[in-house]
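Letter by letter, the chains look like this.
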Amino acid sequence: DAMVIQNPRYQVTQFGKPVTLSCSQTLNHNVMYWYQQKSSQAPKLLFHYYDKDFNNEADTPDNFQSRRPNTSFCFLDIRSPGLGDAAMYLCATSRVGGGRGEQYFGPGTRLTVT
Amino acid sequence: QKEVEQDPGPLSVPEGAIVSLNCTYSNSAFQYFMWYRQYSRKGPELLMYTYSSGNKEDGRFTAQVDKSSKYISLFIRDSQPSDSATYLCAMTRSGGSEKLVFGKGTKLTVNP
């Protein structure tokens, strides 16, 4: 089945230790997004890639970076995780063109910072 | 005023009840409206998608959009315990790569 896959599903890292989360998709969508979702809150967009063009949200901390080496894969790098970065990280994809705006989400990676 | 308002609940109903979930919004430029279902500790799952005003039905689910009132609804008929989840409304102005604006989500519990 075409889908959005995130690895790992659960990640524990130490305060200040860099961590990378990965996302892959078989939908062949040209846009990939990273969201942060804390408990009982709506997902908050961190950034997105439209093909290879990177678009950062104005309030995304510098601590968060992303890479998209090809259409299928996108990575979220957290350079120096703080306790406040513990959250669920969601990857989503969408296909631009055809006038539709829906996004398809992966299962998420739950990040714990100790 | 937030762009999208959604009552967080929690909402608890007996099995078989009709459930009504709602969002209001302030930006008249929104044209694409979505409902996502999110089970605990899982990613959001797209449930319904609607463009502009009108109704859309899919099985037990009906989505309604009233752009004149800036109000969207999701109705669940014959609710089941498996419908217990958080329901997030989301909307966007265009069909491009513009970000979704989410409501905070309504937590629904359907009791057997």
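Conventions and cut-offs
Residue positions within a chain follow its written sequence, with the count starting from 1. Each chain takes a letter, starting from A, and each ligand takes a number, starting from 1, following the order in which they are written. In view of the model being predicted, local features appear only for residues whose pLDDT reaches at least 70, and side-chain atom pairs are presented and counted only at 80 or more, with totals across whole chains, interfaces and linings using the full set of residues. Where side-chain values are given, they derive from all heavy atoms of the structure, hydrogens and water being excluded. Secondary structure elements follow DSSP: runs of H or I no shorter than four residues count as helices, runs of E no shorter than two count as strands, and numbering proceeds from the N terminus. Based on C-alpha atoms, the radius of gyration is set beside the globule rule, defined as 2.2 Å times the residue count to the power 0.38. Note on classification: 1.4 Å probe, protein chains only; a residue is buried when its accessible area is under 20% of the maximum for its type, exposed when over 50%, partly exposed between these limits. Note on definitions: a residue-residue contact is assigned when non-hydrogen atoms from the two residues lie within 4.5 Å. All accessibility values rest on the Shrake-Rupley procedure with a 1.4 Å probe; residue burial counts only the protein chains present in the view. Charge counting follows a simple rule: Lys and Arg are positive, Asp and Glu are negative, and His as well as the terminal groups are ignored. Taken as the charge location is NZ of Lys, CZ of Arg, CG of Asp or CD of Glu. Basic side-chain nitrogens of Lys or Arg form a salt bridge, by our definition, when they fall within 4 Å of a carboxyl oxygen of Asp or Glu. In the analysis that follows, any N or O atom pair within 3.5 Å is treated as a polar contact, provided that within protein one partner can donate a hydrogen and the other can accept it, and provided that, for residues neighboring in sequence, both atoms belong to side chains. Residues are grouped as follows: Ala, Val, Leu, Ile, Met, Phe, Trp, Tyr, Cys and Pro are nonpolar; Asp, Glu, Lys and Arg are charged; every other residue, Gly included, is polar.

Participant: Help me understand the overall build of chain B in this model?
Facilitator: If you tally the helices and strands in chain B, you get zero helices and eleven strands. Its helices and strands taken in sequence order, chain B reads β-β-β-β-β-β-β-β-β-β-β from the N to the C terminus. Against the 2.2 N^0.38 benchmark of 13 Å for 112 residues, chain B shows a C-alpha radius of gyration of 13 Å, consistent with a compact globule. Reported as C-alpha extents along the three principal axes, the dimensions of chain B are approximately 40 × 30 × 25 Å. Every one of the 112 residues in chain B was classed for burial, and the buried ones make up 44%. Excluding contacts between residues fewer than 6 apart, the proportion of contacts in chain B whose partners are at least 24 apart in sequence is 55%. Carbon together with sulfur atoms contributes 46% to the accessible area of chain B, which is approximately 5200 Å² in total. A distance of 7 Å separates the average location of the 13 positive side-chain charges in chain B from that of its 11 negative side-chain charges.

Participant: Mind showing me how you'd approach the interface of chain B and chain A here?
Facilitator: One widely used convention gives an interface's size as the accessible area the parts lose upon coming together. Taken together, the 22 residues of chain B in the interface contact 27 residues of chain A. Where chain B touches chain A, the interface holds zero salt bridges. The tally of links between chain B and chain A comes to three residue pairs in polar contact (both at pLDDT 80 or more). Looking at the side of chain B that touches chain A, the elements with two or more residues in it are β4 (32-38), β5 (45-51) and β9 (85-92) of chain B. At four residues, β4 of chain B tops the list of elements feeding residues into the side of chain B that touches chain A. For the side of chain B that touches chain A, the class distribution of residues is nine nonpolar, eight polar and five charged.

Participant: Explain unusual backbone geometry to me, please; I cannot follow it from the model alone.
Facilitator: Trans is the common state for peptide bonds, and a negative phi is the common state for residues other than glycine. The step from Asn7 of chain A to Pro8 of chain A runs through a cis peptide bond, and the omega angle for that step is -10°. A cis amide bond links Gly9 of chain B to the next residue, Pro10 of chain B, at an omega of 10°. Mapped onto the secondary structure, Pro10 of chain B falls in the loop between β1 (4-6) and β2 (11-14). Phi angles above zero are rare outside glycine, and Arg41 of chain B is one such case at about 65°. Relative accessible area serves as the criterion here: at 49%, Arg41 of chain B is assigned to the partly exposed category. A positive phi angle is found at Ser52 of chain B, which is not glycine, with a value near 60°.

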